[in-house]
Amino acid sequence: MNTVTAKIDISRPSGRRIVRELEKKRTVKIEYPFVGKSEKTYSLDEVFDMGEKIINNYFGTELKISDL
């Protein structure tokens, strides 16, 4: 079996139209990139701590985000 791999820019209408047409063909297999959870996940507290560090480093402050 001969195969061709093509990357189609679906951010434009013409690219989306091409993909829709190809999806109708039985001989075409479309692989979408995996968009899911990354290997590393963060808790809400870790995200707020990172945000505090970024803001404090940028503005030179000692901002603390308290729990509600």
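Shown above is the structure to which this text applies.
Cut-off values and rules
Residues numbered from 1 in each chain as written. Predicted model: local features only at pLDDT ≥ 70, side-chain atom pairs only at ≥ 80, totals over all residues. Heavy atoms only, no water. Salt bridge = Lys/Arg side-chain N within 4 Å of Asp/Glu carboxyl O. Helix = DSSP H or I, 4+ residues; strand = E, 2+ residues; numbered from the N terminus. Buried < 20%, exposed > 50% of the residue type's maximum accessible area, 1.4 Å probe, protein only. Phe/Tyr/Trp six-rings, centres within 6.5 Å; stacked < 30°, edge-to-face > 60°. Polar contact = N/O pair within 3.5 Å; in protein donor to acceptor, adjacent residues only side chain to side chain. 1 Å grid on protein atoms, 1.4 Å probe; cavity = no way out; pocket = protein on both sides within 12 Å on 5 of 7 lines; lining within 4 Å. Points joined across faces, edges and corners; volume = space filled by probe spheres on them. Nonpolar A, V, L, I, M, F, W, Y, C, P; charged D, E, K, R; others polar. Contact = heavy atoms within 4.5 Å.

Colleague: Any chance you could break down the pattern of salt bridges for me, citing the residues and the numbers?
Modeller: Under the criterion given, the structure shown has two salt bridges. For Arg 17, the salt bridge identified is with Glu 21, shortest N-O distance 3.4 Å. Of this pair, Arg 17 and Glu 21 are both found in helix H1 (residues 13–24), four residues apart, which corresponds to roughly one turn of the helix. Its salt-bridge partner being Lys 29, residue Glu 31 comes within 3.7 Å of it at the nearest N-O pair. The residues Glu 31 and Lys 29 share a single accessibility class, namely exposed.

Colleague: For the packing of aromatic side chains, give the residues involved together with the corresponding values.
Modeller: Counted according to the given criterion, the structure contains one aromatic pair. Consider the rings of Tyr 58 and Phe 59, whose centres lie 4.8 Å apart with planes at 85 degrees: the pair is edge-to-face. Each member of the pair, Tyr 58 as well as Phe 59, is classed as exposed.

Colleague: An account of the environment of Glu 23 is needed here, citing residue identities and associated values.
Modeller: Here Glu 23 shows up in helix H1. The exposure class assigned to Glu 23 is partly exposed, which follows from its relative accessible area of 46%. Polar contacts involving the side chain of Glu 23 include one to the side chain of Tyr 32, which spans 2.4 Å.

Colleague: Account for the layout of surface pockets, with residues named and values stated.
Modeller: Within this model, the largest pocket holds a volume of roughly 780 Å³. Taken together, 18 residues make up the lining of the largest pocket; nearest its centre are Thr 5, Ala 6, Lys 29, Ile 30 and Glu 31. Residue classes in the lining of the largest pocket are distributed as eleven nonpolar, four polar and three charged.

Colleague: Go over the environment of Ser 66 with me, naming the residues and quoting the values.
Modeller: Checked against the element boundaries, Ser 66 lands in the segment after helix H2 (44–59). Judged by its relative accessible area of 58%, Ser 66 falls in the exposed class.

Colleague: Explain the environment of Ile 10 residue by residue, including any values.
Modeller: Looking at the secondary structure, you find Ile 10 in the segment before H1. Measuring from C-alpha to C-alpha, the distance between Ile 10 and Ile 65 comes to 40 Å, with 55 residues separating the pair along the chain. For Ile 10, the contacting residues outside a window of four places in its chain are Gly 15, Arg 16 and Val 19.

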